[in-house]
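# Descriptive analysis of the structure
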Amino acid sequence: RADLAREASNISGDDARDVLMAHKVLLEDESIAREVMGRVEKGESAAEAVRQTGIRWIARLENLPDPAFAARATDFRDIANRLMYALGVEAADHPRTSRGRVVAVARMMLPGDLLRLGRERIGALVLGDQGVYSHTAIVARSFDIPAVQI
């Protein structure tokens, strides 16, 4: 939570800051924390507990009828990736880095991935499953990064 608050304070652009603060709110959700802790108490590793809780919540959100709410599944995926990274486990869908400025092409890119890559590294985004309401698109717009959905 402190990392998200610190990142948010270092970002120029209210929209990008709001996305990070929304992630912080999800991290503070007691029901999610209880689920992860319950899994750990039953013998799962912390990383596996985060992964399994993420899978369950992502599926729940993706099945919501309202596309704006269903798009929040990417936020939860981003939070799970951040937690996995904090636990020393790299999530399988983290972007790989390269040298120089790039056009990032991805079926899905999480807001945290965009922030980790940095606005100075990304020349443009080409996204598959994400639309104009995704938090990744909102962050990209606030950074003046052109993005298209295919």
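Definitions and limits used
- Residues numbered from 1 in each chain as written.
- Predicted model: local features only at pLDDT ≥ 70, side-chain atom pairs only at ≥ 80, totals over all residues.
- Heavy atoms only, no water.
- Helix = DSSP H or I, 4+ residues; strand = E, 2+ residues; numbered from the N terminus.
- Contact = heavy atoms within 4.5 Å.
- Axes fitted to C-alpha atoms, helices over the stretch in contact; angles between N-to-C directions.
- Nonpolar A, V, L, I, M, F, W, Y, C, P; charged D, E, K, R; others polar.
- Pairing = 2+ DSSP bridges.
- Core = buried A, V, L, I, M, F, W, Y, C linked by side-chain atoms within 4.5 Å.
- Buried < 20%, exposed > 50% of the residue type's maximum accessible area, 1.4 Å probe, protein only.
- pLDDT = per-residue confidence, 0-100.
- Right-handed = clockwise from strand over helix to strand, strands pointing away.
- Salt bridge = Lys/Arg side-chain N within 4 Å of Asp/Glu carboxyl O.

## What to know about the overall build of the chain
Each helix and strand in the chain was counted, giving eight helices and three strands. Restricting the contact set of the chain to residue pairs at least 6 apart, pairs at least 24 apart contribute 40%.

## Describing the packing of helix α2 (residues 14–27) against helix α8 (residues 135–142)
It is the contact of α2 with α8, at a shortest axis distance of 8 Å, that shows an interaxial angle of 145°. Contacts between α2 and α8 pair D15, A16, V19, A22 and H23 from the former with H135, I138, V139 and S142 from the latter. Across the contact of α2 with α8, the residue classes break down as five nonpolar, three polar and one charged.

## Examining unusual backbone geometry
A positive phi angle, close to 60°, is found at D144, a residue other than glycine. Its place among the elements puts D144 in the loop between α8 and β3 (147–149).

## Notes on the sheet that holds β3
If you walk across this open sheet you meet the three strands as β1-β2-β3, and the pairing is parallel. Edge positions in the sheet fall to β1 (102–106) and β3, since each has one partner strand and no second. For this sheet, the mean inter-axis angle between neighbouring strands, taken without regard to orientation, is 15°. Relative to β3, strand β2 (residues 122–127) runs parallel, the two sharing three bridges. The residue of β3 that forms the bridge with V126 is V148.

## Here we look at the nonpolar core
Counting 16 residues, the largest nonpolar core has M109, L114, I122, L125, V139, F143 and I145 as its most contacted members. Where this core is concerned, the elements lending two or more residues are α2, α7 (111–117), β2 and α8. When neighbours within four sequence positions are excluded, I122 is seen to be in contact with R101, V102, L114, L117 and I145.

## Focus: the confidence of the model for the chain
Any region with low pLDDT has predicted coordinates that should not be read closely. Scored by pLDDT, the chain has a mean of 79; 84% of the residues are at 70 or more. Within the chain, the lowest mean pLDDT, 55, falls on helix α1 (residues 2–9), and the highest, 90, falls on helix α3 (residues 30–41).

## Things to note about the pairing of β1
Strand direction decides the pairing type here: β1 and β2, joined by five bridges, are parallel. The residue of β2 that forms the bridge with A106 is L127. Each parallel crossover has a hand, and the one from β1 via α7 to β2 is right-handed.

## Description of the pairing of β2
Counting buried positions along β2 yields five of six residues, so the element is predominantly enclosed. With α8 bridging β2 and its parallel neighbour β3, the resulting β-α-β unit is right-handed.

## What about the pattern of salt bridges?
By the definition in use, this model includes six salt bridges. Where R39 meets E35, a salt bridge forms, and the shortest distance between an N and an O atom there is 3.8 Å. Of the two residues, R39 and E35 both sit in helix α3, four residues apart, roughly one turn of that helix. Its salt-bridge partner being D75, residue R72 comes within 2.7 Å of it at the nearest N-O pair. Through salt bridges with shared partners, a single network forms among E35, R39, E44 and R56.

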